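# Structural overview
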Amino acid sequence: DAKTTQPPSMDCAEGRAANLPCNHSTISGNEYVYWYRQIHSQGPQYIIHGLKNNETNEMASLIITEDRKSSTLILPHATLRDTAVYYCIVRVGAGTASKLTFGTGTRLQVTL
Amino acid sequence: NAGVMQNPRHLVRRRGQEARLRCSPMKGHSHVYWYRQLPEEGLKFMVYLQKENIIDESGMPKERFSAEFPKEGPSILRIQQVVRGDSAAYFCASSPPGLDGFYEQYFGPGTRLTVT
């Protein structure tokens, strides 16, 4: 699986959009970008995933650059409950089950 | 539909004892994964199992650790002769058979093992 690079920490004011970047310059054509988060030592929670098109669900939006070498997770209206460590993971998607390789992630602190 | 269940949530063992961690996957899920998280670190993959089969154990320590997922009952992660370095949070995840091909993983709340 391709290696990812994320900033170690970010701050965001409550109610504002949180934009979390991720670099994955060695991503392969069959690898997907996944985002998980871990709130205060709980089990990781799946957020969203994508291949090359932008994706949106009830939790977040995922913007993937055209060359697929980087992506941004957007939480449109961050709340205090979004304070967590966010992990960007690249792995082979459809057609095979495989492990998730977690990096160090980005610690997002949402403040009043 | 209940989520992934793990028990116990907290486990204290003395050095040299055995630790048995249990994981019940979500209903209908046939894939189970175990991850370990040391204090202040990210999660590290340990083992991936399907019913009665170990698919990938590349992250398992060579000694003292074993895992199983029997035909009936929960998946078990077993640590023999625990040492203080085994103190960590152990997370289990499960995924469905992959009818849509994405094998999304859903995590349990974890078991926090403390070795004294």
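## Some remarks on the overall build of chain B
In terms of regular secondary structure, chain B is built from zero helices and eleven strands. Listed N to C, the secondary structure of chain B is β-β-β-β-β-β-β-β-β-β-β in terms of helices and strands. By principal-axis analysis of the C-alpha atoms, chain B measures approximately 45 × 25 × 25 Å. Here chain B holds 116 residues, and the buried ones make up 46% of them. Approximately 6000 Å² of chain B is accessible, and the part contributed by carbon and sulfur atoms is 47%.

## With respect to the sheet that holds strand β7 (residues 70–75) of chain A
Residue and element names in this part refer to chain A. Strand order in this open sheet of four strands is β2-β7-β6-β5, and the pairing throughout is antiparallel. The open sheet has two edge strands with one neighbour each: β2 (18–23) and β5 (55–56). Sheet topology note: the strand β6 (residues 61–64)/β7 ladder contains four bridges and is antiparallel. The residue bridging I63 from the neighbouring strand is T72, located in β7.

## Quick word on the nonpolar core
One finds B:W34, B:M46, B:L77 and B:Y90 to be the most contacted residues of the largest nonpolar core, which totals 23 residues. When contributions to this core are tallied by element, the ones reaching two or more residues are β3 (19–24), β4 (31–37), β5 (43–50), β7 (65–68), β8 (75–79), β9 (88–95) and β11 (111–115) of chain B. Excluding anything up to four places from it in sequence, B:L77 contacts B:A19, B:R20, B:L21, B:W34, B:M46, B:M60, B:S66, B:A67 and B:Y90. Grouped together as the second largest cluster of nonpolar side chains are 21 residues, A:L73, A:A78, A:Y86 and A:V110 included.

## Overview of the packing of aromatic side chains
All chains considered together, the criterion is met by nine aromatic pairs over all chains. Arranged with centres 5.8 Å apart and planes meeting at 90°, the rings of A:F102 and B:Y35 form a pair that is edge-to-face. Here A:F102 is found in the loop between β8 (84–92) and β9 (106–111), whereas its partner B:Y35 is found in strand β4 on a different chain. Look at B:Y35 and B:F107: their rings are 5.4 Å apart centre to centre, the planes differ by 45°, and that puts the pair in the tilted class. Here B:Y35 is found in strand β4, whereas its partner B:F107 is found in strand β10 (residues 106–107), with 72 residues between them in sequence. Judged by its relative accessible area of 0%, B:Y35 falls in the buried class. Among the aromatic residues, those joined into a cluster by ring pairs are A:Y36, A:Y46, A:Y87, A:F102, B:Y35, B:F45 and B:F107.

## Description of the environment of B:G110
Relative to the helices and strands, B:G110 is located in the loop between β10 and β11. The contact partners of B:G110, leaving out residues within four places of it in the chain, are B:Q6, B:P8, B:R9, B:Y90 and B:F91.

Calculation criteria
- Residues numbered from 1 in each chain as written.
- Chains lettered and ligands numbered in written order.
- Predicted model: local features only at pLDDT ≥ 70, side-chain atom pairs only at ≥ 80, totals over all residues.
- Heavy atoms only, no water.
- Helix = DSSP H or I, 4+ residues; strand = E, 2+ residues; numbered from the N terminus.
- Buried < 20%, exposed > 50% of the residue type's maximum accessible area, 1.4 Å probe, protein only.
- Areas by Shrake-Rupley, 256 points an atom, 1.4 Å probe, with all protein chains shown as cover.
- Pairing = 2+ DSSP bridges.
- Core = buried A, V, L, I, M, F, W, Y, C linked by side-chain atoms within 4.5 Å.
- Contact = heavy atoms within 4.5 Å.
- Phe/Tyr/Trp six-rings, centres within 6.5 Å; stacked < 30°, edge-to-face > 60°.

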